[in-house]
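One-letter residues, chain by chain:
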Amino acid sequence: MMKGTINPVSNILIKGGRVLASGGTTEGDVLIAGGRIEAIGGEQRADGADVIQAAGLWVVPGLVDIHCHLREPGFEHKEDIASGVAAAAKGGFTTVCCMANTNPVNDNAVVTEFIKRRAEEAGPVRVLPVAAVTKGLMGEELTEMGELREVGAVAVSDDGKSVRNAQRMRLALSYAKCFGLVVISHPEDEDLVDGGLMNEGYWSTALGLPGTTRAAEETIIARDCMLAALENARLHVAHVSTAGGAEIIRQAKRAGAPVTCETAPHYLYATDEWAQGYDANTKVNPPLRTVGDRDALIEALKDGTIDCIATDHAPHHLDDKNVEYALAASGISGFETAFSICWTVLVKSGRFTPEQLFDKLSLSPARVLGIDAPALEVGSRADITIIDPEAEWTVDPSKFLSRGKNTPFAGRTLSGEVKRTIAGGVVVYRGE
Ligand SMILES: [Zn+2]
């Protein structure tokens, strides 16, 4: 018996949507049977199937998030795997990859297997663990990457910190390559951060808060790109937030380095100006940057320098945020606003077509880590998200399914809304 699901596996008929099928966008029905896609296009019939009316809606491949924090084991007051998966489903995600900075750290097979078991209990949304690069995230001894891969780790990362010692990072890239694992870099030089709380610039000066130079991010991006080129080993750079960081990756790609990167929805929308009023919900790592950075990131996403969008969903307890700015935890609870922020900023504005956006939110992130991409084609596992492109809604964190209500987007009106999420042929989220 699957826990946390709304429907048991049954046949589902999605009627009359605009279907972003693998072969191209088409109008028509999608029939799901036995957890798989049975037919696409035209008018389908199925006696006894659950019918979802989708006229005017987009029917798209389930969204894939390759960077989130589910907090279990160890920080269940912030989130656990079941609440995280419910929030992910509400956000339209059918696959999520969770980072290793739990307690205990996911640096060994026992923790990886524990996460996978808890995820199975939570339902059919796929949870794929990212294991640590170094034991305890201490930046010293490398983890047993071969064994971690065998039990289901899809990548390795010390996310939360960079691997401080460059030689250790070089060894990690070369070792991970032996097992076909991508190393995900959290680009942040902690010495350069030097107590910074927000982006260093006009607003940090105006607000009297210590700033973090963008060089803290960009030096590590440059270092890790060079090391990836040196070892010809796959590197993925997490949460790129600056114009300069994107430019370094653009150059590295041109030079042939095996590098990919992501940015997060909040960097495409919010800026450092939002820290006015000292709302701790604007505190995130890397920090919100300037309007110029935001525009450069959108450009880099468009030209392919930035491969994909990942949420960096980082739920916190109210007590972690309801303190003065300097003491507040960093992070944004991102699952439940990610899609709508991207739709508002990228599609509603006319910058991206829906197809381009869903590539960045589903197919491309799967390609980056080499995991199965959801595909709207006959025979595929039915991982499908249904979107209302015209809906407008106002963010109310009290309605989040995530335990983390920490968001700087409370009260903002966004366009585009997830109406249904289907994972493995099971409805895992049903909107109004
Ligand atoms: Zn990170």
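If you're wondering where the values come from, they're calculated on a predicted model, not measured in any experiment. (Residues numbered from 1 in each chain as written. Predicted model: local features only at pLDDT ≥ 70, side-chain atom pairs only at ≥ 80, totals over all residues. Heavy atoms only, no water.)

J.: Help me get a handle on the domain arrangement of the chain, residues and values and all.
T.: Much of the literature gives interface size as the accessible area that the parts lose upon coming together. Domain annotation of the chain identifies domain 1 (12-58 + 380-430) and domain 2 (63-369). A C-alpha centroid distance of 26 Å is found between domain 1 and domain 2. At the junction of the two partners, domain 1 supplies 36 residues and domain 2 supplies 44 residues. Across the domain 1 to domain 2 interface the summed buried area is about 3,200 Å²; carbon plus sulfur atoms make up 63%. Taken as a group, Arg403, Asn406 and Phe409 account for 22% of the area that domain 1 buries against domain 2, more than any other trio of residues on that side. At the surface where domain 1 touches domain 2, the tally comes to two salt bridges. Counting residues per element, the ones that place at least two in the side of domain 1 that touches domain 2 are strand S16 (384-394), strand S17 (413-423) and strand S18 (426-430). Tallying contributions element by element places S17 first for the side of domain 1 that touches domain 2, with eight residues. Of the residues in the side of domain 1 that touches domain 2, the class split is 18 nonpolar, nine polar and nine charged. (Domains from an automatic or database assignment. Contact = heavy atoms within 4.5 Å. Buried area = accessible area lost by both parts, 1.4 Å probe. Salt bridge = Lys/Arg side-chain N within 4 Å of Asp/Glu carboxyl O. Helix = DSSP H or I, 4+ residues; strand = E, 2+ residues; numbered from the N terminus. Nonpolar A, V, L, I, M, F, W, Y, C, P; charged D, E, K, R; others polar.)

J.: I'd love a proper account of the layout of surface pockets, names of residues and values included.
T.: One simple way to see leftover space: roll a probe sized like a water molecule over the atoms. What the largest pocket holds in volume is close to 420 Å³. Those elements that provide at least two residues to the lining of the largest pocket are helix H11 (335-348), S16, S17 and S18. When residues are assigned to domains, the lining of the largest pocket turns out to be shared by domain 1 (12-58 + 380-430) and domain 2 (63-369), each giving three or more. Computed from the structure, the second largest pocket encloses a volume of approximately 270 Å³. What lines the second largest pocket is a set of 17 residues, and nearest its centre among them are Asn101, Gly160, His186, Asn285 and Ser330. Per-class residue counts for the lining of the second largest pocket are four nonpolar, eight polar and five charged. (1 Å grid on protein atoms, 1.4 Å probe; cavity = no way out; pocket = protein on both sides within 12 Å on 5 of 7 lines; lining within 4 Å. Points joined across faces, edges and corners; volume = space filled by probe spheres on them.)

J.: Which residues make up helix H7 (residues 215-231), and what values go with them?
T.: An ideal rise of 1.5 Å per residue puts 24 Å on 17 residues; H7 measures up with 24 Å between its terminal C-alpha atoms. Buried within H7 we find Ala216, Glu217, Glu218, Ile220, Ile221, Arg223, Asp224, Cys225, Leu227, Ala228 and Glu231. Two residues or fewer after H7 comes Asn232, characterised by a positive phi angle close to 45°. (Expected span 1.5 Å × (residues − 1). Buried < 20%, exposed > 50% of the residue type's maximum accessible area, 1.4 Å probe, protein only.)

J.: Give a detailed account of a negative patch on the surface, specifying residues and quantitative values.
T.: On the surface, Glu113, Glu144, Glu147 and Glu150 cluster together to form a negatively charged patch. As for its position among the elements, Glu144 is in the loop between strand S8 (126-131) and helix H3 (145-150). (Patch = residues over 30% accessible without salt bridge, like charges linked within 9 Å, V, L, I, M, F, W, Y side chains within 5 Å. Areas by Shrake-Rupley, 256 points an atom, 1.4 Å probe, with all protein chains shown as cover. Lys, Arg positive; Asp, Glu negative; His and termini not counted. Charge placed at Lys NZ, Arg CZ, Asp CG, Glu CD.)

J.: Please give an account of the nonpolar core that cites residues and values.
T.: The biggest cluster of nonpolar side chains holds 86 residues, and the ones touching the most others in it are Phe339, Leu346 and Leu357. It is H11 that provides the largest number of residues to this core, a total of nine residues. Shared between two domains, this core takes at least three residues from each, and those domains are domain 1 (12-58 + 380-430) and domain 2 (63-369). In contact with Leu346, not counting residues within four places along its chain, are Leu268, Ile298, Leu301, Ile309, Arg351, Phe352 and Leu357. (Core = buried A, V, L, I, M, F, W, Y, C linked by side-chain atoms within 4.5 Å.)

J.: Talk me through the environment of Glu355; I want residue IDs and the actual numbers.
T.: Position of Glu355 relative to the elements: it lies in helix H12 (residues 354-369). A relative accessible area of 32% places Glu355 in the partly exposed class. Considered as a pair, Glu355 and Ile386 are 31 residues apart in the sequence and their alpha carbons are 14 Å apart. Ignoring anything within four residues of it in the chain, the contact list for Glu355 reads Leu20, Thr25 and Trp58.

J.: Any chance you could break down the pattern of salt bridges for me, citing the residues and the numbers?
T.: Enumeration according to the criterion identifies 24 salt bridges in this entry. A salt bridge links Lys78 to Asp320, with the shortest nitrogen-to-oxygen separation between them at 2.8 Å. Here Lys78 is found in the loop between strand S6 (63-68) and helix H1 (81-90), whereas its partner Asp320 is found in helix H10 (residues 318-321), with 242 residues between them in sequence. On the basis of relative accessible area, Lys78 is assigned to the buried category, the value being 10%. Shared partners join several salt bridges into a network, and the residues in it are Glu72, Arg118 and Glu121.

J.: Let's hear about the pairing of strand S14 (residues 259-263): which residues, and what values?
T.: With respect to burial, S14 is a largely interior element, five of its five residues being buried. Side chains of S14 alternate between two faces, with Val259, Cys261 and Thr263 and Thr260 and Glu262 buried alike. Summarising the sheet, strand S13 (residues 235-237) and S14 pair through three bridges and their orientation is parallel. Paired with Leu235 across the strands is Val259, a residue of S14. (Pairing = 2+ DSSP bridges.)

J.: Go over the coordination of the zinc ion, please, and point to the residues and values.
T.: Looking at the metal site, the zinc ion is ligated by Asp159 (OD), His186 (ND1) and His239 (NE2), spaced 1.9 to 2.2 Å from it. Written as a sequence motif, the donor residues of the zinc ion are D-x26-H-x52-H. Taken as a pair, His186 in the loop between strand S10 (182-185) and helix H5 (190-193) and His239 in the loop between S13 and helix H8 (243-254) lie far apart in primary sequence, 53 residues in all. The exposure class assigned to His186 is buried, which follows from its relative accessible area of 5%. The class of His239 is buried, set by a relative accessible area of 2%. (Donors = N, O, S within 2.8 Å, 3.2 Å for Na, K, Ca; no water.)

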